[in-house]
Amino acid sequence: MPERDGLLGDLYKEILLDHYRNPRNKGTLETFTCAADGSNPLCGDQIRLEVEVDDETIDALRFSGVGCSISQASASMMTEYVVGKTVPEAERAIDDFQRLMIEGEAPVDDFGDIEALAGVAKFPARVKCASLAWKTLRQAIEHPEAAEPVTTDDRSANHG
Ligand code: ZN
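Note that the structure is a prediction, hence the values are computed from the model and not measured. Each chain carries its own residue numbering, running from 1 in the written order of its sequence. pLDDT decides what is reported in this predicted model: residues at 70 or higher carry local features, side-chain atom pairs at 80 or more are listed and counted, and totals for whole chains, interfaces and linings draw on all residues regardless. The basis for every side-chain value is the complete set of non-hydrogen atoms in the structure, without hydrogens or water.

Undergrad: How do you make sense of the pairing of strand 3 (residues 57-64) when you look at a structure like this?
TA: Within a regular strand, the side chains alternate between the two sheet faces. Here, a strand pair is defined by DSSP locating no fewer than two bridges between the strands. Secondary structure elements follow DSSP: runs of H or I of four or more residues count as helices, runs of E of two or more count as strands, with numbering from the N terminus. Strand direction decides the pairing type here: strand 2 (residues 45-54) and strand 3, joined by seven bridges, are antiparallel. Looking across to strand 3, one finds that Glu50 is bridged to Arg62. Hairpin connection from strand 2 to strand 3: two residues lie between these consecutive antiparallel strands, with Asp55 at a positive phi of about 50°.

Here it is, written out as structure tokens:
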């Protein structure tokens, strides 16, 4: 589905399309310590994350699934950013990303390509696309035992 004109600036659009066309860390891992699945039913985005955590550090991370350019690019950017970081650092990055989606401004200096998603903050439906990978990462590293898939559809988020 083509993006609407004016959603993102030209430079940011280029960065986003680069991640969409040449995704980093796409695929699966032979061994991993935690995994999670997520979906964004509003858009049809689906993602699976497999994470290898060793001594509190994210050694490897792969994503697979299908979705729109924003969901896929955000997943690629997320994996690139958090590989090599500790679990607490990754959790902080997830919080920083949520602030980027609320404020439309990167809360940290070194957010790199992820800043290209700042323009998405103005479009709540696309925020769900961009946030999917990050919500799924939080599930994988904080609740790897949970069987329930992550969803961006808040109405179905009941804990029963
Ligand atoms: Zn989407």
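From this point on, the discussion continues.
Undergrad: Where do I start with the coordination of the zinc ion in this structure?
TA: Within the protein, the atoms that donate to the zinc ion are Cys43 (SG), Asp45 (OD), Asp45 (OD), Cys68 (SG) and Cys129 (SG), at distances of 2.2 to 2.7 Å. Taken in chain order, the donor set of the zinc ion reads C-x1-D-x22-C-x60-C. Of this pair, Cys68 sits in the loop between strand 3 and helix 2 (69-82) while Cys129 sits in helix 4 (residues 124-142), and the two are 61 residues apart along the sequence. Any residue under 20% of the maximum accessible area for its type is buried, any over 50% is exposed, and the rest in between are partly exposed; the area is computed with a 1.4 Å probe on protein chains only. Judged by relative accessible area, Cys68 falls into the buried class, the value being 13%. When its relative accessible area of 1% is taken as the criterion, Cys129 is described as buried. Counted as coordinating are nitrogen, oxygen and sulfur atoms within 2.8 Å of the metal, or 3.2 Å for Na, K and Ca, while water is not included, which may make sites look incomplete.

Undergrad: What is the right way to look at unusual backbone geometry in this model?
TA: Glycine aside, the phi torsion of most residues is negative, and most peptide linkages are trans. Of note in this structure, Asp55 is not a glycine but carries a positive phi near 50°. With respect to the helices and strands, Asp55 occurs in the loop between strand 2 and strand 3. Residue Asp55 is classed as exposed on the basis of its relative accessible area of 71%. Residues other than glycine seldom take positive phi values, yet Glu56 does so here, at roughly 70°. In this fold, Glu56 is placed in the loop between strand 2 and strand 3.

Undergrad: Where do I start with the pattern of salt bridges in this structure?
TA: Side chains that differ in sign of charge can pair as their charged atoms come close. Note on definitions: salt bridges are taken to be side-chain nitrogens of Lys or Arg within 4 Å of carboxyl oxygens of Asp or Glu. What the rule picks out here adds up to eight salt bridges. A salt bridge links Glu80 to Arg24, with the nearest nitrogen and oxygen atoms 3.4 Å apart. Placement of the pair is Glu80 in helix 2 and Arg24 in the loop between helix 1 (10-21) and strand 1 (34-40), with a sequence separation of 56 residues. Residue class for Glu80 comes out partly exposed when judged on its relative accessible area of 39%. Arg24 sits in the partly exposed class, given a relative accessible area of 22%. Taking the shortest distance from any N to any O, the salt bridge between Arg138 and Glu142 comes out at 3.5 Å. On the criterion of helical spacing, the pair formed by Arg138 and Glu142 is a turn pair, its members being four residues apart in helix 4. By relative accessible area, which is 22% here, Arg138 ends up partly exposed. Exposure remark for Glu142: the relative accessible area of 29% places this residue in the partly exposed category. When salt bridges with common partners are traced through the structure, they connect Asp18, Arg24 and Glu80 into a single cluster.

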